[in-house]
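Survey of secondary and tertiary structure
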Amino acid sequence: MPRKPLVALVGRPNVGKSSLFNRLVGERLAVTHEIPGTTRDRLYGMFDWRGIDFRVVDTGGIEVYQAKGTRDSAPLAEGSIDFVAQIKAQALLAVQDADLIIMVVDILAGITAADEEIAEVLRRTNKPVLIAANKADSMKRAENSVEFYGLGIEKVYAISAFHGIGVGDLLDGVVDSLADPQLAADQEEEAPHMKVAIVGRPNVGKSSLLNILIGEERMIVSPIAGTTRDAVDTELTWHGERVTLIDTAGIRRRGKIEPGVEKFSVLRAMNALERADVALLLIDATQGITDQDQHIAGYIQESHRSVVIIVNKWDAVEKDPMTHTNFERRIRHEFNFLPDPPIIFISALTGQRIHEVLEMAHKVWQNRYLRIPTGELNRILREAVANHQPAGKAARLKIKYGTQVAVAPPLFLFHVNDPTLVHFTYRRYLENQIRETYPYEGTPLRLSFREPSKKDDD
Ligand code: GDP
Ligand code: GDP
């Protein structure tokens, strides 16, 4: 699957990053709020422009609090040294991961000292940087955007995230700046081999698992204070096959950056997933299932990756005869949106059941390449329809035939008389019928319903 370019929104609080994020993603997901930098539910979204799919991250959601800070403590006041350090840290993160950076500034405020600091960090990178001079609600205000050329960044666009003015021109600028041969190279297909991302909250045991899988201790320190280097890929040969382990480990709590790091780990997971086929979703058996686990699982589902759920630290759980069954039941319930995921209970500390991890990953990976012959698929389809006719208005639905048109993940195309008659419960029913016959365990199936085109009828 081609990699989608990642655009990072960087800037000091209150300039309109999350407003622009909302404008791009087109959903009211990142709630703007009176207190700068608070209550962003989501840092990460997707949009497309001129036929190119982009990912966008709102780095303003990566928060840094005063030492010993908790979720309730106030963010740092503007002007304090730590405040600037925080934004610089955000800018650095953006630079590491992004293909392109949009620095958002406030046209009403003009250039501030913090803007200059951020611009300095960004200028020193070799990534394309665009300035979005936001809150240009009128032509007169837009004229003031020339001031921002003073930041030493060549491309300045006056926009109003609020009213949607100038955003199209900004996106044209994004596309033009992205004419990057490296990115095109990334999109070229290589011979498929298994790429596994180890994802999960901080402290679930990602680096411990990685280390035991590759059989060596390893720790690389990143340039950002308070974190260890992450998303390091490891190549290994497993039963004679090439395997890439994409590691998101290493983001650790250390004093100051605690709450932000929790959210940031989700972003890390996203980036790892983008390059993976299979996700190992790690859950900490001693902590149970948290919202953050659910968020990460949601991203696995959205990105159509195959998944194995790994319950780690099983050694540290006090067990009775029902513990395993109950835990598994809870997982199936809480992650019911995942595609029939295998679940393994391990200990990265004692090595318990470690050998099953790559075996299972390999199994779900192979499932991505399963093909159902058209005759077989239509037999399943006929039986499914005979056993359970759509009811009510949907009774008019006629499914003519189906065919599998893609693998990794599998995509099935069904020709129907009217796609609007396919209720999602019926879609799910058909998916389950396919899964009953074919072992697509851990792998998502995509079902598409179309009216036959003229060409098909000829
Ligand atoms: P962030 O902290 O950088 O993410 O900024 P927000 O997106 O939360 O916006 C901060 C404030 O600026 C909010 O009160 C927004 O309503 C306001 N704002 C955002 N975009 C615009 C705009 O285009 N014009 C005006 N006048 N206000 C805006
Ligand atoms: P990461 O942040 O997800 O990379 O987590 P780490 O691998 O750094 O592990 C976090 C902590 O959990 C460390 O103190 C590990 O020693 C501990 N840990 C990891 N795996 C296990 C396990 O299977 N059992 C127990 N008891 N502790 C573990």
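This text follows the structure it describes.
Heads up: these notes are all about the structure in this document. (Residues numbered from 1 in each chain as written. Chains lettered and ligands numbered in written order. Predicted model: local features only at pLDDT ≥ 70, side-chain atom pairs only at ≥ 80, totals over all residues. Heavy atoms only, no water.)

**Points about the overall build of the chain**
- Per the secondary structure count, the chain includes 14 helices and 15 strands.
- Buried residues in the chain amount to 53% of all 458 residues.
- For the chain, restricting intrachain contacts to residue pairs at least 6 apart in sequence, the fraction spanning at least 24 positions comes to 72%.
- Accessible surface for the chain amounts to roughly 21,600 Å². Of this, 50% is attributable to carbon and sulfur atoms. (Helix = DSSP H or I, 4+ residues; strand = E, 2+ residues; numbered from the N terminus. Buried < 20%, exposed > 50% of the residue type's maximum accessible area, 1.4 Å probe, protein only. Contact = heavy atoms within 4.5 Å. Areas by Shrake-Rupley, 256 points an atom, 1.4 Å probe, with all protein chains shown as cover.)

**Overview of the site of ligand 2**
- Among the 17 residues in the neighbourhood of ligand 2, the closest are listed as N203, K206, S207, S208 and D315.
- Separating an oxygen atom of ligand 2 from a backbone N or O atom of G205 is a distance of 3.0 Å.
- Here an oxygen atom of ligand 2 and a side-chain polar atom of S347 are 3.2 Å apart.
- Notes on ligand 2: free accessible area 580 Å², of which the protein chains cover 78%.
- At three residues, the largest contribution of residues to the shell around ligand 2 is made by helix α7 (residues 206-214).
- Looking at the shell around ligand 2, its residues break down into six nonpolar, six polar and five charged. (Near = heavy atom within 4 Å. Polar contact = N/O pair within 3.5 Å; in protein donor to acceptor, adjacent residues only side chain to side chain. Nonpolar A, V, L, I, M, F, W, Y, C, P; charged D, E, K, R; others polar.)

**With respect to the sheet that holds strand β5 (residues 129-134)**
- Ordered in space as β2-β3-β1-β4-β5-β6, the six strands form an open sheet in which the pairing is mixed. For this open sheet the edge positions go to β2 (44-49) and β6 (155-158), each flanked by a neighbour on one side alone. Strand after strand, the sheet turns through a mean of 30° between neighbouring axes, direction not considered.
- Judged from the four bridges that link them, strand β1 (residues 6-10) and strand β3 (residues 52-58) form a sheet pairing that is parallel. Its bridge partner being in β3, A8 is matched across the sheet by V57.
- Where helix α1 (residues 17-25) meets the sheet, it contacts β1, β2, β3 and β4 (100-106), and its direction lies at approximately 155° from that of β3. (Pairing = 2+ DSSP bridges. Axes fitted to C-alpha atoms, helices over the stretch in contact; angles between N-to-C directions.)

**A look at the sheet that holds strand β13 (residues 399-406)**
- Across the sheet, three strands lie side by side as β13-β14-β15; this open sheet has mixed pairing. Each edge of the open sheet carries a strand with a single partner, namely β13 and β15 (446-450). When strand polarity is set aside, the average angle formed by the axes of neighbouring strands in this sheet is 25°.
- Both β13 and strand β14 (residues 411-416) contribute to a ladder of six bridges, which runs antiparallel. Opposite I399, over in β14, you have V416 as the bridge partner.
- Strands β13 and β14 of the sheet are contacted by helix α12 (residues 374-387), whose axis makes an angle of about 140° with β13.
- Helix-sheet contacts for helix α13 (residues 424-437) involve β13, β14 and β15, and the interaxial angle to β15 is about 125°.

**Quick look at the pattern of salt bridges**
- In the structure shown here, the tally under the stated rule is 12 salt bridges.
- Its salt-bridge partner being E274, residue R55 comes within 4.0 Å of it at the nearest N-O pair. With R55 in strand β3 and E274 in helix α8 (residues 258-274), this pair connects stretches of sequence that are 219 residues apart.
- The exposure class of E274 is buried, given its relative accessible area of 9%.
- A single salt-bridge network, built from bridges that share partners, covers E376, R379 and E383. (Salt bridge = Lys/Arg side-chain N within 4 Å of Asp/Glu carboxyl O.)

**Regarding the packing of α12 against α13**
- Where α12 meets α13, the axes come as close as 10 Å, and the angle between the chain directions of the two elements is 130°. Taken together, the axes of α12 and α13 are oblique relative to one another. Judged by the sense of rotation from one axis to the other, the crossing of α12 with α13 is right-handed. The residues of α13 that touch α12, namely those facing L377, R379, I380, L381, A384, V385 and N387, are Y426, Y429, L430, Q433, I434 and T437.
- Its residues placed into classes, the contact of α12 with α13 shows nine nonpolar, three polar and one charged. (Parallel < 35°, antiparallel > 145°, perpendicular 65-115°, else oblique. Left-handed = near helix turned anticlockwise from the far one by under 90°.)

**Description of the packing of α1 against helix α5 (residues 167-177)**
- Running from N to C, α1 and α5 cross one another at 80°; their axes reach a closest spacing of 12 Å. Taken together, α1 and α5 sit at an angle that is classed as roughly perpendicular. Contacts from L20, R23 and L24 of α1 reach α5 at V167, L170 and L171.

**Quick word on the environment of V104**
- Mapped onto the elements, V104 comes out in strand β4.
- Spatially, the C-alpha atoms of V104 and G11 are 5.1 Å apart, while their sequence positions differ by 93 residues.
- In this view, V104 contacts V10, G11, V15, G16, K17, L20, A132 and N134; residues no more than four positions away in its chain are not counted.

**Here's the deal with the environment of F335**
- Within the fold, F335 resides in the loop between α10 (323-334) and β12 (343-345).
- Sequence separation between F335 and I289 is 46 residues, and the spatial gap between their C-alpha atoms is 9.6 Å.

**Some remarks on unusual backbone geometry**
- The amide bond that connects A408 to the next residue, P409, takes the cis arrangement and shows omega of -5°.
- Relative to the helices and strands, P409 is located in the loop between β13 and β14.
- Within the chain, N203 stands out as a residue other than glycine whose phi angle is a positive 75°.
- Examined against the element boundaries, N203 turns out to sit in the loop between β7 (194-199) and α7.
- Accessibility expressed as a relative area gives 46% for N203, which makes it partly exposed.

**Some remarks on helix α11 (residues 355-367)**
- Relative to the 18 Å expected for 13 residues at 1.5 Å per residue, α11 spans 19 Å between its end C-alpha atoms, a close match to the ideal helical length.
- For α11, every residue scored as buried is listed here: V357, L358, M360, A361, H362, V364, W365 and N367. (Expected span 1.5 Å × (residues − 1).)

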